[in-house]
Amino acid sequence: MNDQLLEEFKSNLKENEFSYKATHRAPSNIALVKYWGKYDPQIPANPSISFTLSKAFTDTTVFFEPSKSPEINLKFEGEAKPSFIPKIQSFVDRIGVYCPYLKGYSLNIETSNSFPHSSGIASSASGMAALAMAICNLEAKLSGSEVNLKKASFLARLGSGSAARSIEGPLMSWGFHKDITESSDLFATPFLEAHPIFNTYQDAILLVHKGVKSVSSTVGHNLMNNHPFAKRRFAQANDHLAKLLTVLRGGELDQFIEIVELEALSLHAMMLSSTPSYILMQPGTLSIIQRIRTFRAETNIPVCFTLDAGANVHVLYPVENKKRVIDLIDNELAAFCEDRQYLLDECGFGAK
Ligand code: DP6
């Protein structure tokens with residue numbers, strides 16, 4: 001929208017409609033095929049697919065106040081957090097060209113997470129998705145239309161790549177892939193052809209290491225530039241996604257497990273072989289992985305693990321195996337978690 005259109009837009013609105021409050025809840029997500037490596041502006045080096053979660057979420061309210069000298073204020077869990085503002089400011093600057101109406105507003109943001117602060121669960125996906133939804137809500141109000149979820153995903157991506165996948169669910173792919181019609185590097189799209197077993201898939205997040213990780217995802221993505229295995233890794237991710245699409249349609253859990261675990265280990269293999277190399281797994285991470293594999297071999301219960309860029313382990317399993325898996329966690333795996341802490345999450349349908 002250009003400036004003249006914006007002025008016309010505003011003159012069509014009543015004065016008291018300029019202030020606007022938008023409240024959104026957006027969940028976190030866990031990738032099955034990992035996004036690791038990117039190009040400017042937030043273009044993924046390979047496509048990815050994730051389960052949208054439901055219990056690990058961010059709640060965000062944005063008060064849009066008309067202003068001639070717009071500013072951003074932010075409260076996190078009820079307290080002013082000036083240290084969060086530069087990241088939000090650069091996000092708002094970055095999306096300005098797609099949301100020109102924003103330059104007439106100050107943003108007073110109040111945000112909180114459902115998961116404990118410093119639990120090691122990344123909040124950038126849920127946080128950026130909730131903020132993008134609030135902005136698209138304002139846009140819908142100004143233009144008298146519905147919230148555009150594709151645009152919300154597009155904007156969320158510019159805040160944090162994985163956030164693009166938190167807008168809808170339970171399965172979201174992001175990044176061009178030859179086997180996914182309408183796939184795009186610019187926004188994520190729901191994968192609607194999955195076997196019903198995946199609609200209720202469970203994710204127990206085992207908190208092996210709470211607190212800030214030693215190397216951020218931003219640094220990790222950058223280390224994929226000039227990584228000796230980058231080209232092969234991006235090809236592998238494309239190949240894994242092609243295979244996983246078939247498995248997701250058919251519900252073959254043995255193959256699901258094989259691909260998902262290999263993806264998690266390949267992600268960490270990239271970290272182990274970067275220059276400089278680094279290790280985000282902890283001894284407890286490996287102990288949990290070994291025990292999950294032993295339990296699976298002994299019981300035939302289709303439980304598997306995945307990892308994000310950290311030490312925590314996501315334990316994935318069909319809902320019908322919930323009791324047996326929770327027993328496994330309580331009896332064996334919780335011992336490797338900080339304060340024996342874990343969160344029981346499950347697939348969900350995205351931002352509200
Ligand atoms: C390992 O989305 O956090 O979780 O785009 O720099 O914000 P930025 O990175 P981010 O990276 C996520 C990496 C991952 C894999 C994934 O979620 O696909």
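Residues numbered from 1 in each chain as written. Predicted model: local features only at pLDDT ≥ 70, side-chain atom pairs only at ≥ 80, totals over all residues. Heavy atoms only, no water.

1. Things to note about the overall build of the chain
Logical step 1: Check the secondary structure of the chain and you find nine helices and 13 strands.
Logical step 2: For a compact globule of 352 residues, the expected C-alpha radius of gyration is about 20 Å, and the chain comes in at 21 Å, within 12% of that figure.
Logical step 3: With the principal axes as the frame, the chain shows a C-alpha extent of 70 × 45 × 40 Å.
Logical step 4: Burial analysis of the chain (352 residues in total) assigns 55% to the buried set.
Logical step 5: Within the chain, residue pairs in contact and separated by at least 24 positions form 75% of the contacts whose partners lie at least 6 positions apart.
Logical step 6: In the chain, 34 positive and 37 negative side-chain charges are present, and the distance between their average locations comes to 2 Å. (Helix = DSSP H or I, 4+ residues; strand = E, 2+ residues; numbered from the N terminus. Rg over C-alpha atoms; globule rule 2.2 N^0.38 Å. Buried < 20%, exposed > 50% of the residue type's maximum accessible area, 1.4 Å probe, protein only. Contact = heavy atoms within 4.5 Å. Lys, Arg positive; Asp, Glu negative; His and termini not counted. Charge placed at Lys NZ, Arg CZ, Asp CG, Glu CD.)

2. Brief notes about helix α8 (residues 283-299)
Logical step 1: For α8, spanning 17 residues, the distance from its first C-alpha to its last is 24 Å, which sits close to the expected 24 Å at 1.5 Å a residue.
Logical step 2: If you check which residues of α8 are buried, you get Gly284, Thr285, Ile288, Ile289, Ile292, Phe295 and Arg296. Relative to the axis of α8, the buried residues are bounded by an arc of 140 degrees and lie together on one face. Exposed side of α8, more than 90 degrees from the buried face: Pro283, Gln290, Ala297 and Glu298 are the residues found there. (Expected span 1.5 Å × (residues − 1). Arc of directions from axis to C-beta.)

3. A word on the site of the ligand
Logical step 1: Near the ligand lie 15 residues; those nearest to it are Tyr35, Lys38, Ser160, Gly161 and Ser162.
Logical step 2: For the ligand, an oxygen atom lies 2.6 Å from a polar atom in the side chain of Tyr35.
Logical step 3: His221 is positioned such that a nitrogen or oxygen atom in its side chain is 3.0 Å from an oxygen atom of the ligand.
Logical step 4: For the ligand, whose accessible area on its own is 460 Å², the fraction buried by protein is 90%.
Logical step 5: Here the residues of the shell around the ligand sort into five nonpolar, seven polar and three charged.
Logical step 6: When we break the shell around the ligand down by domain, the ones giving at least three residues each are domain 1 (2-190) and domain 2 (196-346). (Near = heavy atom within 4 Å. Polar contact = N/O pair within 3.5 Å; in protein donor to acceptor, adjacent residues only side chain to side chain. Areas by Shrake-Rupley, 256 points an atom, 1.4 Å probe, with all protein chains shown as cover. Nonpolar A, V, L, I, M, F, W, Y, C, P; charged D, E, K, R; others polar. Domains from an automatic or database assignment.)

4. What about the domain arrangement of the chain?
Logical step 1: Per the domain assignment, the segments of the chain are domain 1 (2-190) and domain 2 (196-346).
Logical step 2: On a C-alpha basis, the centroid separation for the pair domain 1 and domain 2 is 26 Å.
Logical step 3: At the junction of the two partners, domain 1 supplies 33 residues and domain 2 supplies 45 residues.
Logical step 4: Buried surface at the junction of domain 1 and domain 2, summed over both partners, amounts to about 3200 Å²; 68% is from carbon and sulfur atoms. (Buried area = accessible area lost by both parts, 1.4 Å probe.)

5. Points about the pattern of salt bridges
Logical step 1: Tallied over the full model, the rule gives 13 salt bridges.
Logical step 2: Asp40 is the partner of Arg94 in a salt bridge, and the nearest nitrogen-oxygen pair spans 3.7 Å. Taken together, the residues Arg94 in helix α2 (residues 85-95) and Asp40 in the loop between β2 (38-39) and β3 (43-44) connect sequence positions 54 residues apart.
Logical step 3: Residue Lys151 is joined to Glu139 by a salt bridge in which the shortest nitrogen-to-oxygen separation is 2.9 Å. Linking Lys151 in helix α4 (residues 149-159) with Glu139 in helix α3 (residues 124-143), this pair joins segments that are 12 residues apart in sequence. Residue Lys151 shares its accessibility class with Glu139, and that shared class is buried. (Salt bridge = Lys/Arg side-chain N within 4 Å of Asp/Glu carboxyl O.)

6. Remarks on the nonpolar core
Logical step 1: Core analysis: the biggest nonpolar cluster contains 41 residues, and Phe64, Phe91, Leu102, Leu107, Ile135 and Leu155 have the highest contact counts within it.
Logical step 2: Where this core is concerned, the elements lending two or more residues are β1 (20-33), β4 (48-66), β5 (72-76), α2, β7 (105-113), α3 and α4.
Logical step 3: Broken down by element, this core gets its largest block of residues, 12 residues, from α3.
Logical step 4: Sequence-distant contacts of Phe91, defined by excluding residues within four places in its chain, comprise Met128, Leu131, Ile135, Leu155, Leu158 and Gly159.
Logical step 5: Among the nonpolar cores identified, the runner-up in size contains 31 residues, and Leu32, Ile49, Phe115 and Phe256 belong to it. (Core = buried A, V, L, I, M, F, W, Y, C linked by side-chain atoms within 4.5 Å.)

7. Here's the deal with the pairing of strand β11 (residues 304-307)
Consecutive side chains along a regular strand alternate between the two faces of the sheet.
Logical step 1: Residues Cys304 and Thr306 line one face of β11 and the alternating positions Phe305 and Leu307 line the opposite face, and both faces are buried.
Logical step 2: Judged from the four bridges that link them, β11 and strand β12 (residues 313-317) form a sheet pairing that is antiparallel. If you follow Cys304 over to β12, its bridge partner there is Leu316.
Logical step 3: The turn joining β11 and β12, which pair antiparallel and follow one another in sequence, is formed by five residues. (Pairing = 2+ DSSP bridges.)

8. Quick notes on the layout of surface pockets
Logical step 1: A volume near 200 Å³ is recorded for the second largest pocket.
Logical step 2: Looking at the second largest pocket, the residues that line it are Ser173, Asp179, Ile180, Thr181, Glu182, Thr189, Pro190, Phe191, Leu192, Glu193 and Arg249.
Logical step 3: A breakdown of the residues in the lining of the second largest pocket according to their chemical character gives four nonpolar, three polar and four charged. (1 Å grid on protein atoms, 1.4 Å probe; cavity = no way out; pocket = protein on both sides within 12 Å on 5 of 7 lines; lining within 4 Å. Points joined across faces, edges and corners; volume = space filled by probe spheres on them.)

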